[in-house]
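Inside the fold
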Amino acid sequence: MLTRIDHIGIACFDLDRTVEFYRSTYGFEVFHSEVNEEQGVREAMLKINDTGDGGASYLQLLEPTRDDSTVAKWLAKNGEGVHHIAFGTADVDGDAADIRAKGVRVLYEEPRRGSMGSRITFLHPKDCGGVLTELVTSAEPGEH
Ligand code: CMX
Ligand code: CO
């Protein structure tokens, strides 16, 4: 069951500059940052709020680390902006299977590694009304 907005993914050319915009404009601080080589991104997670199911909601600021990454390709075509939304669930495997059975393309056979040791998969934007949609199961506290 999808129980929250886990994050909104925002693509940018310059992560440090974008982090500074969110800090100085809204007061949001970086909760966590990492490089995910598989996804080809350097990212900062800004925690917006905790949620009633023990999770949280974040902004995920994304800067590409290589020209052939999905985010680099998207930025070249669209410029900076909202790249994807992510729903949180305790069971990404089960929810992805249920959604695949409804005829929506799930991009990965098995969930892959996301921010902070989470497990993630994506739904094809062409099957979701033009919205690239991610499903996330957070790591248990202490797992990452
Ligand atoms: N939102 C909405 N539509 C998108 C999109 C996005 N983020 N990215 C691509 N599309 C659309 C394109 O506009 C294009 O539409 P048209 O054919 O009408 O022009 C179509 O999808 C195909 O796009 P493409 O540029 O040819 O790109 P690809 O098919 O090579 O890749 C996708 C698209 C979704 C398969 C790829 O972006 C992907 O695998 N995404 C999942 C991984 C990812 O995004 N990782 C970065 C974030 C990591 C994280 O969140 O942790
Ligand atoms: Co994401």
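As a convention, each chain's residues are numbered from 1 in the sequence order in which they are written. The naming scheme follows written order: chains are lettered A onward, ligands numbered 1 onward. Residues qualify for local features only when their pLDDT is at least 70, as the model is predicted, and side-chain atom pairs are given and counted only at 80 or more; totals for whole chains, interfaces and linings, by contrast, use all residues.

Another aspect to go through is the overall build of the protein. Counting its regular elements, the protein contains three helices and eight strands. The way it works is that DSSP assigns letters per residue, a run of H or I at least four long becomes a helix, a run of E at least two long becomes a strand, and they are numbered from the N terminus. Secondary structure of the protein in N-to-C order comes out as β-α-β-β-β-α-β-α-β-β-β. For 144 residues, the compact-globule estimate of 2.2 N^0.38 gives 15 Å, and the C-alpha radius of gyration of the protein, at 15 Å, lies within 12% of that figure. Seen through its C-alpha atoms, the protein measures out along the principal axes to roughly 40 × 35 × 25 Å. Counting other C-beta atoms within 10 Å of a residue's C-beta gives its exposure: the residue is buried at 20 or more, exposed at 12 or fewer, and partly exposed in between, where C-beta atoms are placed from the backbone. The buried share of the protein, reckoned over its 144 residues, is 28%. A radius of gyration in this sense is built from C-alpha atoms; the matching globule rule multiplies 2.2 Å by the number of residues raised to 0.38.

Placing a C-beta atom from the backbone of each residue, we mark the residue near a molecule or strand if the atom is within 6 Å of it. Not every one of the 22 residues close to ligand 1 is listed here, only the nearest: Q39, T70, F122, P125 and L132. Within the residue set of the shell around ligand 1, elements represented by two or more residues are β4 (56-64), α2 (70-78), β5 (81-89) and β7 (119-123). When residues of the shell around ligand 1 are assigned to their parent elements, the largest contribution, four residues, is made by α2. Considered class by class, the residues forming the shell around ligand 1 number nine nonpolar, ten polar and three charged. Residue type decides the class: Asp, Glu, Lys and Arg count as charged, Ala, Val, Leu, Ile, Met, Phe, Trp, Tyr, Cys and Pro as nonpolar, and the leftover types, Gly among them, as polar.

What follows covers the pairing of strand β1 (residues 2-11). DSSP-based pairing: two strands are paired if at least 2 bridges between them are found. The pairing of β1 with β5 spans eight bridges and is classified as antiparallel. Across the sheet, residue L2 finds its bridge partner in β5, namely T89. Summarising the sheet, β1 and β4 pair through five bridges and their orientation is parallel. Paired with H7 across the two strands is Y58, which belongs to β4.

Further remarks concern the UniProt feature "domain: VOC" (unreviewed entry) in the protein. UniProt positions are given in the numbering used here, feature names are shortened, and annotations may be inferred rather than shown by experiment. UniProt records the feature "domain: VOC" (unreviewed entry) for residues 4-138 in the present numbering. Secondary structure within residues 4-138 divides into 23% helix and 41% strand; the distance between the first and last C-alpha atoms comes to 12 Å.

To continue, consider the nonpolar core. A set of buried Ala, Val, Leu, Ile, Met, Phe, Trp, Tyr and Cys residues, joined to one another through C-beta atoms within 7 Å, is what we call a nonpolar core. In this structure, A11, C12, V19, V41, A44, L46, Y58, L59, L61, L62 and V71 together form the largest nonpolar core, which totals eleven residues. In terms of residues, this core owes the most to one element, β4, which gives four residues. If near-sequence neighbours (up to four positions away) are discounted, V71 is found in contact with A11, G40, V41, L62, P64 and H83. A86, V92, L135 and V136 belong to the second largest nonpolar core, which has six residues in total. With C-beta atoms placed from the backbone, a contact is any residue pair whose C-beta atoms sit within 7 Å.

Our focus in this paragraph is the pairing of strand β2 (residues 30-36). Strand residues, when the strand is regular, have side chains that alternate between the two faces of the sheet. Pairing of β2 with strand β3 (residues 41-50) involves six bridges; the strand directions are antiparallel. When the sheet's bridge partners are listed, V30 is paired in β3 with L46. Between β2 and β3, which pair antiparallel and follow one another directly, the connecting turn spans four residues, one of which, G40, has a positive phi of 70°.

In a beta sheet, neighbouring strands pair by backbone hydrogen bonds and run either parallel or antiparallel. Judged by pairing direction, the sheet is mixed, and its eight strands sit side by side in the order β2-β3-β4-β1-β5-β8-β7-β6 without closing on themselves. Here the strands that pair on one side only, and so sit at the sheet edges, are β2 and β6 (112-113). For helices, the fitted line uses only the C-alpha atoms of the stretch in contact; every axis is such a line through C-alpha atoms, and the angle between N-to-C directions lies from 0 to 180 degrees. Here α2 sits on the sheet and contacts β1, β3, β4 and β5; the angle it forms with β4, its principal contact strand, is near 80°. Together, β1, β5, β7 and β8 (133-137) form the strand contacts of helix α3 (residues 92-101), whose direction differs from that of β8 by roughly 150°.

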